[in-house]
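Structural overview
Chain by chain, the residues:
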Amino acid sequence: LAQTPPASCGTTLRVERGDTLSRIAERCGISERGLLRDNPRIEGSGDLRVGMELRRSPGPVDTADRLRSFAQEAGEALSGVA
């Protein structure tokens, strides 16, 4: 199942206050993995800065890829609590 990103997110995304990779991915209907692949200088949400521009490849999104990204972020959050 593929999704088309919302029209509000083009091929360049600007990081806003409070953004995380998952928040940007959700807002734009893309996966975190895709964001990381398109922006190799970013390793995680900690690398994001307000006003930073991220690139996004045009094209359909793999739903399984988005679910893997969400699962990975949940696992990282849980390991940070432990």
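Before going into details, it helps to say that this report is about the structure given with it. (Residues numbered from 1 in each chain as written. Predicted model: local features only at pLDDT ≥ 70, side-chain atom pairs only at ≥ 80, totals over all residues. Heavy atoms only, no water.)

**Here's the deal with the overall build of the protein**
Condition: We count a stretch as a helix when DSSP gives it H or I for four or more residues in a row; a strand needs E for two or more, and each element gets its number in order from the N terminus. Here the term buried applies to any residue with accessible area under 20% of the maximum for its type, exposed to any over 50%, and partly exposed to those in between, with areas from a 1.4 Å probe on protein chains only. Any pair of residues with heavy atoms lying within 4.5 Å of one another is described as a contacting pair. Computed by Shrake-Rupley with a 1.4 Å probe, the accessible areas treat only the displayed protein chains as cover when residues are assessed.
A tally of helices and strands in the protein yields three helices and four strands. The helix and strand sequence of the protein, counted from the amino end, reads β-β-α-α-β-β-α. Within the protein, buried positions represent 34% of all 82 residues. By sequence separation, contacts in the protein at least 24 residues apart represent 59% of the contacts at least 6 residues apart. Carbon and sulfur atoms make up 54% of the accessible area of the protein, which amounts to about 5300 Å² in all.

**Quick word on the pattern of salt bridges**
What counts here: A pair is scored as a salt bridge if a Lys or Arg side-chain nitrogen falls within 4 Å of a carboxyl oxygen belonging to Asp or Glu.
One pass over the full model with this rule turns up three salt bridges. Linking Glu 16 and Arg 27 is a salt bridge whose minimum nitrogen-to-oxygen distance equals 3.7 Å. Taken together, the residues Glu 16 in the loop between β2 (12–14) and α1 (21–28) and Arg 27 in helix α1 connect sequence positions 11 residues apart. Since its relative accessible area comes to 30%, Arg 27 is described here as partly exposed. Measuring nitrogen to oxygen at the nearest pair gives 2.9 Å for the salt bridge that ties Asp 19 to Arg 27. Look at Asp 19 and you get buried, because its relative accessible area is 11%. When salt bridges that share partners are traced, they join Glu 16, Asp 19 and Arg 27 into one network.

**Things to note about the state of the cysteines**
Heads up, the rule is: Sulfur atoms of two cysteines make up a disulfide when they are within 2.5 Å.
Overall, the coordinates contain one disulfide when judged by the stated rule. What pairs with Cys 9 in a disulfide is Cys 28, and their sulfur atoms sit 2.1 Å apart. Here the disulfide of Cys 9 and Cys 28 is left-handed, its torsion about the S-S bond being about -65°. With Cys 9 in the loop between β1 (2–3) and β2 and Cys 28 in helix α1, this residue pair connects regions lying 19 residues apart in the sequence. Each member of the pair, Cys 9 as well as Cys 28, carries the same accessibility label: buried.

**Notes on the side chain of Arg 56**
Using the following cut-off: Only four residue types enter the charge count: Lys and Arg as positive, Asp and Glu as negative, with His and the chain ends excluded. Two N or O atoms form a polar contact when they lie within 3.5 Å of each other; inside protein one atom must be a possible hydrogen donor and the other a possible acceptor, and for residues adjacent in sequence the pair counts only when both atoms belong to side chains.
Position of Arg 56 among the secondary structure elements: in the loop between β3 (53–55) and β4 (61–62). Although Arg 56 is buried, it makes no salt bridge; Asp 38 carries the closest opposite charge, 6.6 Å away. Polar contacts involving the side chain of Arg 56 include one to the main-chain carbonyl oxygen of Gly 10, which spans 3.0 Å.

**A look at the side chain of Ser 22**
Tracing the backbone shows Ser 22 in helix α1. Filtering out sequence-adjacent residues up to four positions away, Ser 22 remains in contact with Glu 32 and Glu 73.

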